[in-house]
Each structure stands twice: as structure tokens, then as C-alpha cells.
Amino acid sequence: MRLDKYLKISRIIKRRTVANEACDAGRVFVNGKQARASYEVKPGDIIEISMGAHPIKAEVVSINEYAKKEEAGLMYKLLT
């Protein structure tokens, strides 16, 4: 699954266009490297997002094409 779509489905970022813009601006890193929106996310990847005052660091646990609000939080594990 594409990185921008994963960020939206897991509800880390609310809208896919915002996720896409964050990737284009260089604010999203996967496994320590700057990632494009087209990056294919895999379980075990570490995603770092530096938007706003609080950076987010999360590990990808699972990839689902669709997730309800209750299930979205189970797709990743927050680090720090």
C-alpha cells in the first residue's frame, strides 16, 4: 500500500492530500530515510512525521485496505 494511503487509512493523518503534501515537503521519513508518497509500506517499517510541535514516530503493525475508526489504531504502534 502507498505511504500516503496508509497514513490516511490508519488515521495518522486525516486526509490523503495532506499526507501527500507532507511527503512532498520532506516531513515524512521511513526507516530513517526521506520517503515519497508512492513508497510501498511494509509491516515493520518505522514512520516518522515531523508536523507541528510534536513529531510522531510509529511502527507499522498491519496493512488493511479498509479500517473502521476502532480498527485504525491497531494498524500501528506509537514509539516514544
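Notes on the structure follow. (Residues numbered from 1 in each chain as written. Predicted model: local features only at pLDDT ≥ 70, side-chain atom pairs only at ≥ 80, totals over all residues. Heavy atoms only, no water.)

1. Some thoughts on the environment of S10
Okay, step 1: With respect to the helices and strands, the residue S10 is situated in the loop between α1 (3-9) and α2 (16-24).
Okay, step 2: Accessibility expressed as a relative area gives 1% for S10, which makes it buried.
Okay, step 3: Sequence spacing of S10 and A37 is 27 residues, and the spatial spacing of their C-alpha atoms is 15 Å.
Okay, step 4: When residues no more than four places from it in sequence are discounted, the contact partners of S10 are A72, M75 and Y76.
Okay, step 5: A polar side-chain atom of S10 sits 3.5 Å from the main-chain carbonyl oxygen of L7. (Helix = DSSP H or I, 4+ residues; strand = E, 2+ residues; numbered from the N terminus. Buried < 20%, exposed > 50% of the residue type's maximum accessible area, 1.4 Å probe, protein only. Contact = heavy atoms within 4.5 Å. Polar contact = N/O pair within 3.5 Å; in protein donor to acceptor, adjacent residues only side chain to side chain.)

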